[in-house]
Amino acid sequence: MLVADAVADALAGLGADTVFGLVGSGNFHVTNGLTERGARFVAARHECGAASMADGWARLAGRPGLLSVHQGPGLTNALTGITEAAKSRTPLVVLAADVAGAAVRSNFRIDAGAIAAAVGAVPERLYSPQSAVADAVRAYRTAARQRRTVLLAMPLDVQAAQCDPGTVPAEPAPSPPAPAPEAAAALAAALATASRPVFVAGRGARVAAARQDLEELAGACGALLATSAAAKGLFRGSPWDLDMSGGFASPLAAELIGGADLLVGWGCSLNMWTMRHGALIGPGCVVVQVDDDDAAIGAHRPVQLGILGDVAETARAVTAALRVQPPASGPGAGYRSPEIRQRIAAEVRWRDVPYADESDGDRIDPRTLSIGLDDLLPGDRVVAVDSGNFMGYPSMFLSVPDEQGFCFTQAYQSVGLGLASAIGAALARPDRLTVAALGDGGALMGVSELETVVRLGLPMVIVVYDDEAYGAEVHHFRPNGHRLDTVTFPPADIAQIGRGFGCDGVTVRGPGDLAQVSRWLDGPRDRPLVVDAKVTSRRGSWWLEEAFRGH
Ligand SMILES: Cc1ncc(C[n+]2csc(CCOP(=O)(O)OP(=O)(O)O)c2C)c(N)n1
Ligand SMILES: [Mg+2]
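In this text the structure is predicted, and so the values were computed from the model without any measurement.

> Give me the coordination of the magnesium ion (ligand 2): which residues, what numbers.
Every protein donor of the magnesium ion (ligand 2) is listed here as D440 (OD), D467 (OD) and A469 (O), and their distances to the metal cover 2.1 to 2.2 Å. Read N to C, the donor residues that coordinate the magnesium ion (ligand 2) are spaced as D-x26-D-x1-A. Assigned by exposure class, D467 and A469 land together as buried.

> How would you summarise the packing of aromatic side chains if you had to cite specific residues and measurements?
On inspection of all chains with the given rule, the structure shows eight aromatic pairs. Taken together, a centroid distance of 5.3 Å and an interplanar angle of 65° make the contact between F199 and W266 edge-to-face. Taken as a pair, F199 in strand β7 (residues 197-201) and W266 in strand β10 (residues 262-266) lie far apart in primary sequence, 67 residues in all. Classification of W266 as buried rests on a relative accessible area of 0%. The ring of F406 has K232 sitting right over it, with the charged end atom 5.9 Å from the ring centre.

> So what's going on with the site of ligand 1? Which residues, and what values?
What surrounds ligand 1 is a group of 17 residues, the closest being N389, D440, G441, G442 and G471. Within the backbone of A469, a nitrogen or oxygen atom sits 2.9 Å from an oxygen atom of ligand 1. A472 is positioned with one of its backbone polar atoms (N or O) 2.9 Å from an oxygen atom of ligand 1. Within the complex, 76% of the 580 Å² of free accessible area of ligand 1 lies under protein. Every element with two or more residues in the shell around ligand 1 is listed here: α17 (440-445) and α19 (471-477). Looking at the shell around ligand 1, its residues break down into five nonpolar, nine polar and three charged.

> Tell me about the pairing of strand β3 (residues 65-69), and name the residues and values.
Counted residue by residue, β3 has five buried out of five residues, so it is predominantly covered. Both faces of β3 are covered, namely the face carrying G65, L67 and V69 and the face carrying L66 and S68. Sheet topology note: the strand β1 (residues 18-21)/β3 ladder contains three bridges and is parallel. Its bridge partner being in β3, V19 is matched across the sheet by L66. Note that β3 and strand β4 (residues 92-98) share five bridges and pair parallel. Directly across from L67, in β4, lies its bridge partner V94.

> Describe in detail the environment of L438, supporting the description with residues and values.
Structurally, the position occupied by L438 is in strand β15 (residues 433-439). Along the sequence, L438 and D365 sit 73 residues apart, while their C-alpha atoms lie 15 Å from each other. Contact partners of L438, with chain neighbours within four places excluded, come to D386, F390, G418, L419, A443, I462, V463, V464 and Y465.

> I'd like a rundown of the pattern of salt bridges, residues and numbers included.
Tallying each qualifying case throughout the model produces 36 salt bridges. The residue D17 makes a salt bridge to R63 at a minimum N-O spacing of 3.2 Å. Of the two residues, D17 is situated in the loop between α1 (3-13) and β1 and R63 in the loop between α3 (47-61) and β3; the sequence distance between them amounts to 46 residues. With relative accessibility at 31%, the residue D17 sits in the partly exposed group. Its relative accessible area of 31% is what places R63 among the partly exposed residues. A salt bridge links D135 to R138; the nearest nitrogen and oxygen atoms lie 3.1 Å apart. With D135 and R138 both in helix α6 (residues 132-146), this residue pair falls three residues apart, about one helical turn. By relative accessible area, which is 3% here, D135 ends up buried. With relative accessibility at 34%, the residue R138 sits in the partly exposed group. If you follow the salt bridges from partner to partner, you end up with R363, D466, E468, D532 and K534 in one network.

How each quantity is defined
- Residues numbered from 1 in each chain as written.
- Chains lettered and ligands numbered in written order.
- Predicted model: local features only at pLDDT ≥ 70, side-chain atom pairs only at ≥ 80, totals over all residues.
- Heavy atoms only, no water.
- Donors = N, O, S within 2.8 Å, 3.2 Å for Na, K, Ca; no water.
- Buried < 20%, exposed > 50% of the residue type's maximum accessible area, 1.4 Å probe, protein only.
- Phe/Tyr/Trp six-rings, centres within 6.5 Å; stacked < 30°, edge-to-face > 60°.
- Helix = DSSP H or I, 4+ residues; strand = E, 2+ residues; numbered from the N terminus.
- Lys NZ or Arg CZ within 6 Å of the ring centre and 35° of its normal.
- Near = heavy atom within 4 Å.
- Polar contact = N/O pair within 3.5 Å; in protein donor to acceptor, adjacent residues only side chain to side chain.
- Areas by Shrake-Rupley, 256 points an atom, 1.4 Å probe, with all protein chains shown as cover.
- Nonpolar A, V, L, I, M, F, W, Y, C, P; charged D, E, K, R; others polar.
- Pairing = 2+ DSSP bridges.
- Contact = heavy atoms within 4.5 Å.
- Salt bridge = Lys/Arg side-chain N within 4 Å of Asp/Glu carboxyl O.

Keep in mind that these numbers describe shape and distance, not what the molecule does.
Spelled out as structure tokens, the structure:
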């Protein structure tokens, strides 16, 4: 069998059924091999878009995504999306064609392994025709089991050779790691005596599907519940849900998290974003971190207790330990009181925080826009957000039904990945309406994938927070009186650009214009909708200052 076919065979046999990419001669056979074995191929218009589609898809499908690219420029074009996936621990296999070993002077030659290592991906390679199937299987299993982005370089000479396909040995997936019993007991003891415990659940809680176990434990010790942005929506519907911790926390959430005497990060790195550079950790607060990755514990801030273990396994073990030594204040007391419950119900949502609407007839206040959209768009939605000054508005004002309703590709803080990640998310969750929230800069950077949205017939709403600028830079530098002509642009008719690609396009300058969005929602939704929202930009967003402190 041809190695390219044998590799496709092995990957399909492991469950790979969706592959994103852009096909050149070097990845033609392996991509066709996958489709011949029943996989769906999604063609992107730029490799970076393909990478972000695979990333968004894998986040919501909960399985490794596949990305197929041509050697050389096909790979380098994809690098920003690959880097985001690697930093987010997205399980992803990059099928990257590579030049033949002897093609020393090929113009396509780059050091694929060095590139993978440089951006935090795992370098892998089809080393020989005989090892190719084992190499591909190892790449896929590393992605799936270690949640890594793996770059599988596929030299053309190896791909074109013959091999004995053999069989892929079945290997049951290892069980998630349980915590040491003493560590679980120590956390139970801390929770039993805490007066104001708060749980902050991150990506590790999301991938461990740990909601129920965490809620049970939180109920037993009276903890309030929050998430990092990566796990937004995890506790949706709980009366004790504070939504996101960090720069996007509402004033009440920040107050209650800041008042904790015990804070437990569950699969959450407690980084500068989630903890506002430590400002959300009150004086004397004890910090505990639970993670299945030893290196993550204490990496961003000192913790008094670190527990190595899977989030769900650990939550269950601590709940069991707490039964042996229940809280002195009685089960379920802790931070939970009728007054706090009432305040959370009335104040924790950003849309319930009073603000002075700055809409001026020509441009709409981004908060007013987001609240208006939150009212109009069906609740069963996925919100995918690009990077920029605008990014907090959709993140904070658009509610999501659960942790599968938010796609936040911000680990690399790159502008321009939002639309493509929304395409991946939409393909993973066709049962939901996908909303891509972009800035005008990110929208125009990733605009080639508008054709993909149209071609795939995705009923997507693409909202562009259009301030005709790289707003993040404008607001960062304007206060010091710098020249801003490098970061400001003349108006662009983004609705018309959308129509050019085959979308419906509407321009929103005030709340009344949102009726056009209602009409689209009431219609057949047979083409995507681009909403060019001309937003006010009198001031920088309040989370932006926080962000620039991290530069
Ligand atoms: C690929 C990339 N290039 C440049 C930057 C620096 N940068 C951060 S935010 C931003 C502005 C993005 O503009 P836009 O999408 O319109 O969002 P806005 O800030 O205006 O809300 C830029 C250029 C980046 N983060 N990523
Ligand atoms: Mg902008």
